[in-house]
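# Inside the fold
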Amino acid sequence: MSEQVDAAGGYRRASPWPVFVALGFALSELGIFVGLYPVAVGGLLLLAGSVAGILRESDYATDVWRPLAGLGVAFAVLGIAVVGTQVDPTTLDVLAVVSDPGGIVGRGLAIAGAGVILLVVGLVGYLLE
Amino acid sequence: MAGQQLALTVLMGLVLVGVAALLTRIEDWRRYTALAGGAVAVGEESGYGHREKPSGVIRWLTTVDHKDIGILYGVFALISLAVGGLMVMVMRFELLTPASDVISPQLYNAFLTSHGITMLFLFGTPIIAAFGNYFIPLLIGADDMAFPRINAIAFWLLPPGALLIWGGFLIPGIAPSQTSWTMYTPLSVEQAHLGADLMLLGLHLTGVSATMGAINFIVTIFTERGEDVNWANLDIFSWTMLTQSGIILFAFPLLGSAIVMLLLDRNLGTLFYAVGEGGGTILWQHLFWFFGHPEVYILVLPPMGLVSYILPRFAGRKLFGFKFVVYSTLAIGVLSFGVWAHHMFSTGIDPRLRASFMAVSLAIAVPSAVKTFNWITTMWNGRIKLAAPMLFCIGFVSNFIIGGVTGVFLASIPVDLVLHDTYYVVGHFHYIIMGAIAFAVFAGIYYWFPIFTGKMYQRTLAKWHFWLSMIGTNVTFFAMLLLGYMEMPRRYASYEFDPAVAPLDAITLLHQAATVGAVILLIGQIIFVWNVVQSWLEAPTLTDEDPWDLKNDGLFTREFGWNADRLALPDGGEEEAMADGGEAEADQ
Ligand code: HEM
Ligand SMILES: [Cu+2]
């Protein structure tokens, strides 16, 4: 990676993304563990956005939309899995847990929610471009 | 609750919009400058167009240059050192008298916890990363670290981590963590303070940061070496960084997982460490020390590398037995994972297990001693120049001997059963962490000061710094060893013992000696800060490319060669003037 040379032929010495990747990571972790759902969702959006940005910048991705959508799918699956751990396996009554989200379910929903938003943003961006 | 959530949502929304707005501005600037060179749209940055580094604060926020990141790590670590140092000064004043009359025991416990975590994770690990980032690429002839952006991410995880670790003090209305740095269960599960959750999260972030940094160092040293650098002539500092990074790779992710389990136990009702369930409380100690002992070698190996690198240059000869220093480094790297239960001798684990851990712990002293003998033989009959870096190296060796020998005593089960959880242990590890690790850091800062700043520090002040640190360290921590022999327990905010069972006068006196030593240390460090800041700002620019007179002895090294190239540039060697090695800039 140190070999990357940008369009002007110089070595890149600056990137706006690392600060936000770190901040996004910190906020998502804080939000998820302490149970501050808006912070969790916002942090995950920031994390995914800046990861997509950094992948694009370093030419690991050709656009930001596909990484965004991909991360969206990953978060959605993860969030649903977290919710799934709380569903009663005999009745499979999903509504019962989701309509009255407690600690774990709320966290799962926050992760899944962030994932869905990212997926939508990614798809829309991809289609519009 | 709903209102609070709404407010938080709005706040997060604003943060995201703000970030997006900021990014579009930065991206704009980049697009113009990067492509256009001369025809720059954003006026004030035009001078940096060809450099691709914006100016001012934005430059430091966006840099992916290993030297800048090294400086960032260094500044961050020194600020943490000041924070952790001031916390412990308050504690030392509390301990001047047996009664608890300066701060409450709760605040004492909180400072105790925060002091340990701050010094190990916010000062120790980052200051080593500072030297590694700045110098590894220069020493091995690489253009930069292998993953410059990951390097920046690793650094930027630290400030949020620090804020979380200190969160219990910073956020009004929540109590700071009082778990001590070892976070033993069940105490750490049952303590309801939100500050403890924040601290665990912060600790987790610093662990992620250290792991990313370690991966970067390993890949850099393996794949980015210049053509003339091979395994046979790789310098000793890079060897120790490589070994340290390997240890980090195995130790820190484990700490991260153990912390996540602890957080789950605290917040989501799991029972990983619950009394009588699954792993039970002792599981935490095993997991923690499986990380914790390697962590002490994570902290000590690179400083050993610094000393092995710097000391010979002031002894006028090459490092004695270079190969054996490398082998002993690798040996320590492996053995460090086989000794963790020496922290648990008194927990009632199986005596046969205990004996084997005792054997390995005694064995690990051998490679440590090999290094010590190598340093001493390097100085033997050498032409010693007692400049500040050398003084600190000699101080390192001397303090390391005391710290190491006391460690060997602790590794012996019968001795440990008496001394465990007394001030003897505190004395032991402070001899190494303050007396050795911090000394090596100071040696490095003085030795490379001309490279960091293009200036020279003030020699007299540096000598004051050394002697005050050396005396302060030995007064403080030798008093602690003696306190340990009197079985003064560690982690006590007050010590109003019954004089019939404890020699209270002697204990008080030794505590007072330790406090006096700490004040001496503090004065030394104030002189250090003054020296660094004033010399950086006001000293005349240094034009000598060989400030330590290394060429005469054939000990001139790559990083000073690089510095000489920089000085030779027509515009006087401003830091901005060139990329590493000078080639990158030349072909533009
Ligand atoms: C020469 C090799 C060493 C040996 C044999 C050794 C042995 C020990 C033993 C047996 C203990 C446990 C004492 C107790 O709690 O009862 C201990 C504690 C400790 N050692 Fe060492 N040690 C050595 C080197 C080091 C080094 C190089 C460092 C630091 C970089 C270090 C840092 C510590 C720390 C931080 C503790 C206290 C942990 C705590 O309970 O808070 N030791 N050492
Ligand atoms: Cu140990």
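Residues numbered from 1 in each chain as written. Chains lettered and ligands numbered in written order. Predicted model: local features only at pLDDT ≥ 70, side-chain atom pairs only at ≥ 80, totals over all residues. Heavy atoms only, no water.

## Quick notes on the overall build of chain B
Going by this rule: Each helix is a run of DSSP H or I of at least 4 residues and each strand a run of E of at least 2, with the numbering of both proceeding from the N terminus. Each radius of gyration reported is based on C-alpha atoms, and the globular scaling rule is 2.2 Å times the count of residues to the power 0.38. Here, Shrake-Rupley sampling with a 1.4 Å probe gives the accessible areas, and only protein chains in the shown set may cover a residue. When charges are counted, neither His nor the chain ends are considered; positive counts come from Lys and Arg and negative counts from Asp and Glu. To locate a charge, take atom NZ for lysine, CZ for arginine, CG for aspartate or CD for glutamate.
Counting its secondary structure elements, chain B contains 21 helices and zero strands. Relative to the compact-globule value of 25 Å for 588 residues, chain B shows a C-alpha radius of gyration of 25 Å, a close match. Projecting the C-alpha coordinates of chain B onto the three principal axes gives extents of approximately 80 × 75 × 45 Å. Only carbon and sulfur atoms are counted for the fraction: they give 69% of the accessible area of chain B, which is about 23,000 Å². Positive and negative side-chain charges of chain B, numbering 28 and 43 respectively, have mean locations separated by a distance of 6 Å.

## Observations concerning the pattern of salt bridges
All names here are of chain B. Quick note on the threshold: The salt bridge definition used is simple: a Lys or Arg side-chain nitrogen within 4 Å of an Asp or Glu carboxyl oxygen. Buried residues are those whose accessible area, probed at 1.4 Å on protein chains only, stays under 20% of the maximum for their type, while exposed residues exceed 50% and partly exposed ones sit between those limits.
Tallied over the full model, the rule gives 11 salt bridges over all chains. Here D553 ties to R383 by a salt bridge, and the two come within 2.5 Å at their closest N and O atoms. Highlighted residues: D553 in the loop between α19 (504-538) and α20 (558-568) and R383 in the loop between α13 (351-379) and α14 (388-410), separated in sequence by 170 residues. R491 is the salt-bridge partner of D421, the closest N and O atoms lying 3.7 Å from each other. Here D421 is found in the loop between α15 (413-419) and α16 (423-447), whereas its partner R491 is found in the loop between α18 (459-485) and α19, with 70 residues between them in sequence. The exposure class assigned to D421 is partly exposed, which follows from its relative accessible area of 33%.

## Topic: the packing of aromatic side chains
Residue and element names in this part refer to chain B. The cut-off we apply is this: Classification of ring pairs uses Phe, Tyr and Trp, with its six-membered ring standing for Trp, and accepts pairs whose centres are within 6.5 Å; under 30 degrees between planes counts as stacked, over 60 as edge-to-face, and the remaining range as tilted. A positively charged side chain is recorded as over a ring if its NZ (Lys) or CZ (Arg) lies within 6 Å of the ring centre. The angle to the ring normal must also be within 35 degrees.
Scanning the model with the defined rule gives 52 aromatic pairs over all chains in all. Ring centres of W181 and W289 lie 5.8 Å apart, and the angle between their planes is 85 degrees; on these two criteria the pair is classed as edge-to-face. In this pair, W181 is assigned in the loop between α7 (167-170) and α8 (187-190) and W289 in helix α11 (residues 280-310), connecting sequence segments 108 residues apart. On the basis of relative accessible area, W181 is assigned to the buried category, the value being 13%. For the pair F288 and W289, a centre-to-centre distance of 5.0 Å together with 85 degrees between the ring planes defines the contact as edge-to-face. Across the pair, W289 and F288 agree in class, each one buried. The ring of W60 is capped by R59, whose NZ or CZ atom sits 4.5 Å from the centre of that ring. Just above the ring of F556 sits the side chain of K551; from NZ or CZ to the centre is 4.6 Å.

## With respect to the coordination of the iron atom of ligand 1
All names here are of chain B. Convention followed: Any nitrogen, oxygen or sulfur atom within 2.8 Å of a metal ion counts as a donor, with the limit raised to 3.2 Å for Na, K and Ca, and since water is left out, coordination shells can look unfinished.
Just one protein ligand coordinates the iron atom of ligand 1, and it is H428 (NE2) at 2.1 Å. Between the two metals, the iron atom of ligand 1 and the copper ion (ligand 2), the spacing is 4.5 Å. In this fold, H428 is placed in helix α16.

## A short note on the site of ligand 1
Residues and elements named next belong to chain B. Rule in force here: We call a residue near a molecule or strand as soon as one heavy atom of that residue lies within 4 Å of the molecule or strand. Identification of polar contacts relies on pairs of N or O atoms within 3.5 Å, with a donor-acceptor requirement for protein atoms, meaning one able to donate a hydrogen and the other able to accept it, and with residues adjacent in sequence counted only if both atoms are side-chain atoms. Classes in brief: Ala, Val, Leu, Ile, Met, Phe, Trp, Tyr, Cys and Pro nonpolar; Asp, Glu, Lys and Arg charged; the others, Gly included, polar.
Surrounding ligand 1, one finds 22 residues, the nearest of these being W181, D416, H420, H428 and R490. The separation between an oxygen atom of ligand 1 and a polar side-chain atom of D416 is 2.5 Å. Within the side chain of R490, one N or O atom sits 2.8 Å away from an oxygen atom of ligand 1. Take the shell around ligand 1: its biggest share by element is five residues, from α16. Tallied by class, the residues present in the shell around ligand 1 amount to 12 nonpolar, seven polar and three charged.

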